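# Inside the fold
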Amino acid sequence: MTTGEIDRTSDTSAFELFFEAERRRLFRALYVMTGSAHEAEELAQDAFLKIWERWDRVGAMDDPVGYLYRTAMNLARSRARRLIRAARAPFSAERSVEPYGPTDTRDAVVRALAGLSPRQRQAVVLVELLDRTTEEAADLMHVSTSTVRSLTSEARKAMRAVMETDDE
């Protein structure tokens, strides 16, 4: 066995640990963004594939998790743009079976999230669900921190309005 093969084996082990540590959380974030378990799973698989292809560089980064989420968000945006162009109509996420079991609160949150713009949903997922700072979310979304604060504020306001209507 050559030295390169040994390094490749340790790279594989490191990637497998990374994958196991992040796969559920990434899937959940993508599910919240898309509203579709099927689409979330496909996006997660595509993101991990891209990370694996570049693992020699990504594994050495200060924040490989951030790179994973940036990759997944970019894939989600690209897929949404393709669907919009193909349909020539606004993108609407399909509903599918919830992987976490039915609850009234979760249903209300999913309905409220579905009413947000894709950018608002992305900002809320990054800041609220993934506990990213405003600065990290801004970097991942390629926008300013004030844009992220504005998007999350608008999203919270819209979600409150939808959820208050559901309570009546």
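These lines cover the structure that appears in this document, whether it is placed above or below. Since we're looking at a predicted model, the values are computed, not measured.

## What to know about the side chain of Arg132
Positionally, Arg132 belongs in the loop between α6 (118-129) and α7 (134-141). Judged by its relative accessible area of 11%, Arg132 falls in the buried class. Within polar-contact distance, the side chain of Arg132 engages the side chain of Asp63 at 3.3 Å. In contact with Arg132, other than residues within four places in its own chain, are Asp63, Val65, Gly66, Tyr69, Leu126, Val127, Ala137 and Leu140.

## Looking at unusual backbone geometry
Its identity is not glycine, yet Asp131 carries a phi of approximately 55 degrees, on the positive side. Here Asp131 shows up in the loop between α6 and α7. Backbone geometry at His142 places phi at a positive 65 degrees, although glycine is not the residue there. By the element assignment, His142 lies in the loop between α7 and α8 (145-167). By relative accessible area, which is 54% here, His142 ends up exposed.

Calculation notes
- Residues numbered from 1 in each chain as written.
- Predicted model: local features only at pLDDT ≥ 70, side-chain atom pairs only at ≥ 80, totals over all residues.
- Heavy atoms only, no water.
- Helix = DSSP H or I, 4+ residues; strand = E, 2+ residues; numbered from the N terminus.
- Buried < 20%, exposed > 50% of the residue type's maximum accessible area, 1.4 Å probe, protein only.
- Polar contact = N/O pair within 3.5 Å; in protein donor to acceptor, adjacent residues only side chain to side chain.
- Contact = heavy atoms within 4.5 Å.

All quantities given are derived from atomic positions and should not be read as evidence of function.
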